[in-house]
Amino acid sequence: MVLYDRIIVPIDGSAGSERVAVHAAALAAVHDAELHGVYVVNAGSFAGLPMESSWEGLDDMLRADAESALDKVERAADSQGVPVETHVLEGTPSREIVEFAERGECDLIVMGTHGRGGIDRLLLGSVAEKVVRASKVPVLTVRIEGGDDADEHAVEVPGETAPETPAEAEADAAADSTATADGGE
C-alpha cells in the first residue's frame, strides 16, 4: 500500500472547493500525513488593467481572498486532527502547484476539477488538467460540481473516466490533438 507523508491541496476558494479540502484532510488523516494548503495568486490575470486601478488595493484584496480560501483547508485539517501548513504563492497556477509539489517532496496532489468537458474544456483549459500533464507527483482530482449525487463519483482517476457523451468524446479528442499538434499543451 502506498503511504502518503505530505499531501498538497491547491485551493482557489471557488464554490465547492471546501469539498476538496475535506477530501484531502480525510485522506491525510488515514495516511497520518501532513497537509499543505496552497493558494496561487495569479497576478498576471490583472496585467491588462490600467496601472492606477491595478495595484491600488489589489494586493490586499488578493491576499484576503487567499486567506479566506486557505481557512477552508485549515478548518478541514483541524476537524481531522491533521497537521497543516498554508502557503500563498504568486505566478501561473499550474506551474506553481507542480513546482511546489516537487520542490516540497510531496507525495500526492489533491485538487478540484469543475468537470468541464467538450467545448468549455477546449476553450477554457483547466488548471487541474495542466497539473496532471506536467506533474511527476501523482494527482487525485475531486469533482466539485454535481450536487448531492456527486458524492458517489467524487473522485476521478485521470485517464480512466470516459466522457459522458459522444460530443464530449469528439471535443476531447480534438483538444488532445490540438494540444499535441503544435508541440504545446
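Residues numbered from 1 in each chain as written. Predicted model: local features only at pLDDT ≥ 70, side-chain atom pairs only at ≥ 80, totals over all residues. Heavy atoms only, no water.

An unreviewed UniProt entry lists the protein chain under the name Universal stress protein, with Haloferax volcanii as the source organism. What UniProt records for the protein chain under Sequence similarities (unreviewed entry) is the sentence "Belongs to the universal stress protein A family." (UniProt positions renumbered as here; feature names shortened; annotations may be inferred.)

Please give an account of the pairing of strand 4 (residues 108–113) that cites residues and values.
Remark: a regular strand shows side chains that alternate across the two faces of the sheet. Most of strand 4 sits out of view: five of its six residues are buried. Of the pairings in the sheet, the one linking strand 1 (residues 6–10) to strand 4 comprises two bridges and is parallel in character. Residue Ile8 lies in a different strand from strand 4, and its bridge partner there is Ile109. (Buried < 20%, exposed > 50% of the residue type's maximum accessible area, 1.4 Å probe, protein only. Helix = DSSP H or I, 4+ residues; strand = E, 2+ residues; numbered from the N terminus. Pairing = 2+ DSSP bridges.)

Explain the side chain of His87 residue by residue, including any values.
Residue placement: His87 occurs in strand 3 (residues 84–90). The contact partners of His87, leaving out residues within four places of it in the chain, are His36, Gly37, Val38, Tyr39, Leu70 and Phe100. (Contact = heavy atoms within 4.5 Å.)

I'd like a description of the pairing of strand 2 (residues 34–41), backed by residues and values.
With respect to burial, strand 2 is a largely interior element, seven of its eight residues being buried. As paired elements, strand 1 and strand 2 share five bridges and run parallel to each other. Across the sheet, Ile7 pairs through a bridge with Leu35, a residue of strand 2. The parallel pair strand 1 and strand 2, bridged by helix 1 (residues 17–31), forms a crossover whose chirality is right-handed. Relative to strand 3, strand 2 runs parallel, the two being bridged by seven bridges. Bridged to Val38 within strand 3 is His87. (Right-handed = clockwise from strand over helix to strand, strands pointing away.)

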